[in-house]
Protein chains: 2
Amino acid sequence: MARSAAEPLRRAEIVQATIQEIGRTGTLEVTVAQIARRAGVSSALAHHYFGSKEAIFVAAMRHVLALYGAEVRGALAAAEGPRARAEALIRVSFSQSNFRREVIAAWLNFYVLAQTMPEAWRLLDIYRRRLDSNLRHALRPILGDRAAAVAASLGALIDGVYLREALKRTAPDRRGAAALVLGHFEAELARGDGGR
Amino acid sequence: MARSAAEPLRRAEIVQATIQEIGRTGTLEVTVAQIARRAGVSSALAHHYFGSKEAIFVAAMRHVLALYGAEVRGALAAAEGPRARAEALIRVSFSQSNFRREVIAAWLNFYVLAQTMPEAWRLLDIYRRRLDSNLRHALRPILGDRAAAVAASLGALIDGVYLREALKRTAPDRRGAAALVLGHFEAELARGDGGR
DNA sequence: GTGAATTAATTGACGCGTCAATCAAGAAAC
DNA sequence: GTTTCTTGATTGACGCGTCAATTAATTCAC
């Protein structure tokens, strides 16, 4: 059979173009034609591979979430001790590859997409659950019963920082964003007579 | 002239319908016809009064922000002392009228709107600036130099709680949301040897 | 190895639905 | 009887998804 490796390549290009277009416009109101043009293919091909515009968006979400998940695993593997694990989870959220204009814009719009697309909702819910779970796990040894509450707080704060970054005109300030959340973390540690 | 008080009335109805439709669909992808139908008028009338769909959205934003602003002023007026003022600012964000499904959904979508509409961006920027300013003012006497950082953290946390609430299927939990933010506030207070 | 056969990759054109905005005209108020 | 209020009908643009057809790659018979 005539099986070249074109399909996975094209799929990846289209997914990449989708994220960039969402980043450029800041909206989900991008046409399949725009995405296809940026990917250097025809809109018909995009439909051929993904079937629908919604499916293209879902693929883009999966890509972003997968990248994030992979970095999380890497960071956790390298972290020694509960506190380091919690800090690693925070830092990953503001890593070079995740805390970028297009990715931030994509996240914001994925939240909107989740309002109408069950599949998008499911994906975001998985992300949230996993982050909460990871945080609780890391915090339990140092914060005990307060672990759950602090995990929820840190999770919401990370999302909030993303949201606010989406409004800024300037380039994302990874260091500042991470410092803000880490500062919050330290305040909670200090209070709970944390692990110092 | 035939100037009954119809115009302001219709405008208010249309604005209200806009917020409800955004809440129902969770998106800005609502048609003028849908909004008009819910307001009990024709789509032509909506255009007659507002001129464009964008203008309708802006009016809806102004409404939400104005309501929030009014409650903030009321709460600040009633609060005695720096700490009470800060707590009042937090509580207002989760008040009965602000922390509702439709309003939360509207906020989320206003953030998206701000990506493409300068006017929407301006309005959101004013909101953020004012909240930061109010918080810094209240915190300065008890936290000194740390006031700015804690204000930024609290602001982002509030936005993050809104964002996460937008994903939930259940009715908004005002008490829980306020408790989460207030809990973090206390942690910062305890750390900075705050005002007790 | 060459040519026919088979399958994948890719596209241009376009139908069909949708929607924002306009317009011309009727109803109501004063 | 003029002005505001209101609408149904219309339109022009646009975008998703489809389809028939073309091109490129790979296999296989010999």
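Structure: see above.
What you are looking at is a predicted structure, and each value in this text was computed from that prediction instead of being measured.

A word on helix 3 (residues 43-50) of chain A
Residue and element names in this part refer to chain A.
- Of all the residues in helix 3, the buried ones are Ala 46, Tyr 49 and Phe 50. The buried residues of helix 3 occupy an angular sector of 80° when projected down its axis, which confines them to one face. Residues of helix 3 that are exposed and point more than 90 degrees away from the buried face comprise Ala 44 and His 48.
- The first or second residue beyond helix 3 is Gly 51, which carries a positive phi of 90°.

What to know about the relation of the copies chain B and chain A
- The two copies are related by a screw motion: chain B maps onto chain A through a turn of 180° and a shift of 0.0 Å along the axis, at an RMSD of 0.1 Å. Both copies are brought into coincidence by an operation consistent with a two-fold rotation axis. Distance from the rotation axis, computed per C-alpha, reaches its smallest value in chain B at Gly 160 of chain B: 1.7 Å.

Brief notes about the packing of aromatic side chains
Residue and element names in this part refer to chain A.
- Here the structure, examined in full by the defined rule, presents 14 aromatic pairs over all chains.
- Ring geometry for Phe 99 and Tyr 162: centres 5.1 Å apart, planes at 75°, overall edge-to-face. One end of the pair, Phe 99, is in the loop between helix 5 (82-93) and helix 6 (101-113); the other, Tyr 162, is in helix 8 (residues 147-167), and 63 residues separate them in sequence.
- The class for Phe 99 is buried, based on a relative accessible area of 2%.
- A residue is classified by how much of its surface remains accessible, and Tyr 162, at 10% relative accessible area, is buried.
- In this structure an aromatic cluster arises from ring pairing among Tyr 68, Phe 94, Phe 99, Trp 107, Tyr 127 and Tyr 162.
- Positioned above the aromatic ring of Phe 50 is the side chain of Arg 11, whose terminal nitrogen or guanidinium carbon lies 4.6 Å from the ring centre.

Things to note about the interface of chain B and chain A
- In this assembly, 37 residues from chain B lie in contact with 37 residues from chain A.
- Taking both sides of the interface into account, the surface hidden between chain B and chain A amounts to around 3400 Å²; carbon and sulfur atoms contribute 62%.
- Sorting the residues of chain B by area buried against chain A places Gln 115, Arg 164 and Leu 167 of chain B first, and these three jointly supply 23% of that buried surface.
- At the boundary of chain B with chain A, the tally comes to six salt bridges.
- The salt bridge involving Arg 191 of chain A is made with Glu 186 of chain B; its shortest N-O contact spans 3.3 Å.
- At the boundary of chain B with chain A, the tally comes to 13 residue pairs in polar contact (both at pLDDT 80 or more).
- Mapped by element, the contributors of at least two residues to the side of chain B that touches chain A are helix 6 (101-113), helix 7 (118-143), helix 8 (147-167) and helix 9 (174-191) of chain B.
- The element that contributes the greatest number of residues to the side of chain B that touches chain A is helix 8 of chain B, accounting for twelve residues.
- When its residues are assigned to classes, the side of chain B that touches chain A shows 18 nonpolar, eleven polar and eight charged.

About the cut-offs
Residues numbered from 1 in each chain as written. Chains lettered and ligands numbered in written order. Predicted model: local features only at pLDDT ≥ 70, side-chain atom pairs only at ≥ 80, totals over all residues. Heavy atoms only, no water. Buried < 20%, exposed > 50% of the residue type's maximum accessible area, 1.4 Å probe, protein only. Helix = DSSP H or I, 4+ residues; strand = E, 2+ residues; numbered from the N terminus. Arc of directions from axis to C-beta. Least-squares fit on C-alpha atoms with pLDDT ≥ 70 in both. Phe/Tyr/Trp six-rings, centres within 6.5 Å; stacked < 30°, edge-to-face > 60°. Lys NZ or Arg CZ within 6 Å of the ring centre and 35° of its normal. Contact = heavy atoms within 4.5 Å. Buried area = accessible area lost by both parts, 1.4 Å probe. Salt bridge = Lys/Arg side-chain N within 4 Å of Asp/Glu carboxyl O. Polar contact = N/O pair within 3.5 Å; in protein donor to acceptor, adjacent residues only side chain to side chain. Nonpolar A, V, L, I, M, F, W, Y, C, P; charged D, E, K, R; others polar.

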